[in-house]
Amino acid sequence: MSIELGPFRFPIDATVIAGVGLWSLALYLGFSPIGEWVIEQLNRWFNFAERSLYLSEEEFEKTRPAREAQNAFYASVFSIIPFLAVGALCSYGVEVSLGKSWAISVGILACMGCGIYELGRRDGQI
């Protein structure tokens, strides 16, 4: 499978996408406090950047709740980008050292382990 953008052709391997996705999910679950911190920082930055676009205070306050909700949504979506990058590195490392099929297998094991860890971590907070 490949993507064509004009004269360029980019091959896409399904096992690479699966491995990166599994490793990213495992890291997102295993390091969920860091994910929440990234969301909070992005939300603060989006709100600050959007505030600088308005000249009057009343115009800013008129649509503030809707914009803050939209910024929170964007922050949660963009917070997965660091985990995708680190997940790609982990998947690549396992793929180089053990092979393509092992990147997916170890990614599944990492997802299960980090999911169980996250359940225990949340249960311990109550």
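Up top is the structure.
Residues numbered from 1 in each chain as written. Predicted model: local features only at pLDDT ≥ 70, side-chain atom pairs only at ≥ 80, totals over all residues. Heavy atoms only, no water.

**Overview of the state of the cysteines**
In protein chemistry, a disulfide is the covalent bond that joins the sulfur atoms of two cysteines. Applicable threshold: Pairs of cysteine sulfur atoms within 2.5 Å are what we label disulfides. For every residue, the accessible area obtained with a 1.4 Å probe (protein chains only) is divided by the maximum for its type, and the residue is called buried under 20%, exposed over 50%, and partly exposed between those limits.
All told, the structure shown has 0 disulfides when counted by the stated rule. With no disulfide of its own, cysteine 111 has cysteine 114 as its nearest cysteine by sulfur position, at a separation of 7.3 Å. Assessed through its relative accessible area of 12%, cysteine 111 is described here as buried.

**Some points on the nonpolar core**
To be explicit about the condition: What we call a nonpolar core is a set of buried Ala, Val, Leu, Ile, Met, Phe, Trp, Tyr and Cys residues that are connected through their side-chain atoms within 4.5 Å. Comment: elements are numbered from the N terminus, with helices defined as DSSP H or I runs of at least four residues and strands as E runs of at least two. Residue contacts follow a heavy-atom distance rule, with two residues in contact if any of their heavy atoms lie within 4.5 Å.
Counting 6 residues, the largest nonpolar core consists of Trp23, Ala26, Val94, Ala103, Ala110 and Cys111. Of all the elements in the fold, those that place two or more residues in this core are helix H1 (14–30) and helix H6 (100–125). Here the element with the most residues in this core is H6; it accounts for 3 residues. Each residue touching alanine 110, except ones within four places of it in the same chain, is listed here: Trp23 and Ala26.

**Some thoughts on the pattern of salt bridges**
So the rule is basically this: What makes a salt bridge here is a side-chain nitrogen of Lys or Arg within 4 Å of a carboxyl oxygen of Asp or Glu, nothing more.
Inspection of the entire model under this criterion finds 5 salt bridges. A salt bridge links arginine 64 to glutamate 68, with the nearest nitrogen and oxygen atoms 2.9 Å apart. Here arginine 64 and its partner glutamate 68 are both found in helix H4 (residues 64–78), 4 residues apart, which amounts to about one turn of the helix. On the basis of relative accessibility, which here comes to 31%, the residue arginine 64 falls in the partly exposed class. Notably, a salt bridge pairs glutamate 118 with arginine 122, separated by 2.6 Å at the nearest N-O pair. Linking glutamate 118 with arginine 122, this pair stays in helix H6, spanning 4 residues, or about one helical turn. If you follow the salt bridges from partner to partner, you end up with Glu61, Arg64 and Glu68 in one network.

**Description of the packing of helix H2 (residues 32–51) against H4**
The following threshold applies: Angles here are taken between N-to-C directions and fall from 0 to 180 degrees, while the axes themselves are lines fitted to C-alpha atoms, restricted in helices to the stretch in contact. Note on angle classes: values under 35 degrees are labelled roughly parallel, values over 145 roughly antiparallel, values of 65 to 115 roughly perpendicular, and the remainder oblique. Note on convention: the crossing is left-handed when the near helix lies turned anticlockwise from the far helix by less than a right angle, right-handed when the turn is clockwise.
Running from N to C, H2 and H4 point in directions that differ by 135°, and their axes come no closer than 8 Å. Judged by the angle between their axes, H2 and H4 are oblique. Crossing handedness for the pair H2 and H4: right-handed. Residues Ile39, Leu42, Asn43, Phe46, Asn47 and Glu50 of H2 form the contact with H4, whose own contacting residues are Arg67, Glu68, Asn71, Ala72, Tyr74, Ala75, Ser76 and Phe78.

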